[in-house]
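# Understanding the architecture of this molecule
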Amino acid sequence: MLHDGKILIGKSGEEKIYIYPQMANRHGLIAGATGTGKTISLKVLAESFSDCGVPVFLADVKGDLAGMCQMGTMNENVQKRVDAMNLAAEGYEFRKYPTAFWDVYAEQGMPLRTTITEMGPLLLSRIMDLNDTQSDILTIIFKIADDENLLLIDTKDLRSMLQYVGENAKEYSLAYGNLSKQSIAAIVRAVVALEAEGGDQFFGEPALDIRDWIKTDFNGKGEIQILDCQKLIQNPTMYATFMLWMMSELFETLPEAGDLQKPRMVFFFDEAHLLFDSAPKALLEKIEQVVKLIRSKGVGIYFITQNPKDIPNGVLSQLGNKIQHALRAYTPAELKSAKAAADSFRVNPEFDTFEVLTNLAIGEAIISVLDEEGIPTVVKKTTILPPQSMMGALDDATRKNQITGNLLYARYATMDDRDSAYEFLQRKAVADEQAEIAAEEAAALEKQKKKEEEKMAKKKKTVVKSVASSAAGTIGREFGNTIGKSIGGSFGKKIGGNVGASLGRGILSTLFKL
Ligand SMILES: Nc1ncnc2c1ncn2[C@@H]1O[C@H](COP(=O)(O)OP(=O)(O)OP(=O)(O)O)[C@@H](O)[C@H]1O
Ligand SMILES: [Mg+2]
């Protein structure tokens, strides 16, 4: 609920507990054991940000956030809270919120796509679980595509680019360093596997223009983008990579903002531990850096996870607004992490943080936020408001109506297949093949021509021979006849034949040369 321009999260006795919009870009944490109320706290916050005119992104891991597009309904649990917190006096009412549904598999929302280029080699390497060598090669493939002005939009583009470079590995290795054929083949296999997991759907165009998410509706409410992650979460690496990609998109798209009265946008990442689990060091450093820098672009990031220890210290130390639901502390390991969680709060002399933390009821939390001066407030035990929108999942028909009724549906619903690396390389392959066939045909023709010329030459020689010999024969005969007439018939015939043959060849060969 928005109250006095501040985000009301709940009450600590009579005291209202707020998040200050001007400090909301100092990021936040919602933690707690399973079933303690994290998702509802997230909902309450998201509703208030929307009321405040701040656009919101939510990763919906269980499908229980989708109900935000519908008004809430009264039940016993909600009634108790409304009464106990005297919320009627605060203007509590049921409301629905402007929402848009997205899904990278295009089943539970509008298709959320990006391009291979926008995802970049580092994140793609992570999705495909490439080793360092393969990852370096992928980076080079991107560089080659860039140098040759080839667009890498979808997985077909990447696959054909890899195959092309693989086939010409020798030439490219000279210019770009060693490109082992085996490593390229391994990356091609990884791309094929990625396609089988849906990569052929979520890499493509129109790619999401993240500016479409930074919007308010005609009532000035921040629009809430809900990414359905029920299927995506089954592939934790893919889930984590998409979340990181979104963060980096926002980071790259938004200009520096300095200190704003309220954030430009707020992101909530559920199951946030997946962002960090088994992430290589280089990527962890990048995440830390983005979280640090994105604040000055006016973006607040809220991580939702069971235990704060799931989040690396470099990130955890940057989370200024903390809502900590109950933690169990039965095993030594649980005890240790609950103690660490309690110790991370600014002490309230009125109670023992650890004691309270381990005994909170559902929908209660210990909370510390950054005040107007940016100083962490003393920890307060807080009862969280009930949400104003519907709790729980959405029926299929309503979801479908919400999806197709969205103004962005026409823009994103169908995939275009623009001319890019795949199409270019296909054309090049066809052209190369045609050129090869033409060259072969030309060579065959030349060979044929030569053969025929040789044949002709041989024929002519034979003709000349026979012409010459018959000419010589005639001459000889005539000559012989003349001589023969005087010295004898048979002798004359023989000499005449010999002289005539050589004489005739001599005359004809000179003619032939001319
Ligand atoms: N602030 C609240 N107001 C009203 N009901 C609440 C509140 N917080 C929690 N509840 C009740 O507790 C249930 C569990 O809460 P929630 O789903 O938020 O838990 P969670 O910590 O997200 O659990 P999980 O780890 O399984 O995702 C809710 O369905 C709701 O009935
Ligand atoms: Mg939950």
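For the structure itself, look to the data block above.
This report concerns the structure included in the present document. What you see is a predicted model; the values in this text were computed from it and never measured.

In this section: the site of ligand 1. Around ligand 1 sit 16 residues, and of these Gly37, Lys38, Thr39, Ile40 and Gly363 come closest. Of all the secondary structure elements, the ones that give two or more residues to the shell around ligand 1 are helix H1 (38-51) and helix H2 (76-84). Looking at the shell around ligand 1 residue by residue, the class counts come to six nonpolar, eight polar and two charged.

Compared with the 20 Å implied by 1.5 Å per residue over 14 residues, the 20 Å span of H1 between its first and last C-alpha is a close match. Counting buried positions over the 14 residues of H1 gives 13, a clear majority of the element. A positive phi of about 85° marks Gly53, the residue just after H1.

Turning our eyes to something else, we now look at the nonpolar core. With 123 residues, the main nonpolar core has Ile9, Met161, Met243, Phe268 and Phe269 as its most contacted residues. Both of domain 1 (2-113 + 205-412) and domain 2 (118-201) provide at least three residues apiece to this core.

Moving on to the environment of Phe101. If you trace the backbone, Phe101 turns up in strand E6 (residues 99-103). Measuring from C-alpha to C-alpha, the distance between Phe101 and Leu112 comes to 9.4 Å, with eleven residues separating the pair along the chain.

Burial of strand E4 (residues 28-31) is two-sided: the residues Gly28 and Ile30 facing one way and the residues Leu29 and Ala31 facing the other way are all buried. Sheet topology note: the E4/strand E10 (residues 299-305) ladder contains four bridges and is parallel. Note that in E10 the partner of Ala31 across the bridge is Thr305. One ladder, built from four bridges, connects E4 with strand E11 (residues 321-324); its direction is parallel. Within the sheet, the bridge partner assigned to Ala31 lies in E11 and is Gln324.

Time to look at the packing of helix H5 (residues 155-167) against helix H7 (residues 181-202). Axis separation between H5 and H7 bottoms out at 10 Å; the angle between their running directions is 170°. Between H5 and H7, the angle falls in the class roughly antiparallel. Of the two elements, H5 crosses H7, and the hand of that crossing is left-handed. Between H5 and H7, the residues in contact are Thr155, Leu158, Arg159, Leu162, Gln163, Val165 and Gly166 and Lys181, Ile184, Ala185, Ile187, Val188, Val191, Leu194, Glu195, Gly199 and Asp200, respectively. The class makeup of the residues in the contact of H5 with H7 is nine nonpolar, four polar and four charged.

Definitions and cut-offs
Residues numbered from 1 in each chain as written. Chains lettered and ligands numbered in written order. Predicted model: local features only at pLDDT ≥ 70, side-chain atom pairs only at ≥ 80, totals over all residues. Near = placed C-beta within 6 Å. Helix = DSSP H or I, 4+ residues; strand = E, 2+ residues; numbered from the N terminus. Nonpolar A, V, L, I, M, F, W, Y, C, P; charged D, E, K, R; others polar. Expected span 1.5 Å × (residues − 1). Buried ≥ 20, exposed ≤ 12 C-beta atoms within 10 Å, placed from the backbone. Core = buried A, V, L, I, M, F, W, Y, C linked by C-beta atoms within 7 Å. Domains from an automatic or database assignment. Pairing = 2+ DSSP bridges. Axes fitted to C-alpha atoms, helices over the stretch in contact; angles between N-to-C directions. Parallel < 35°, antiparallel > 145°, perpendicular 65-115°, else oblique. Left-handed = near helix turned anticlockwise from the far one by under 90°. Contact = placed C-beta atoms within 7 Å.

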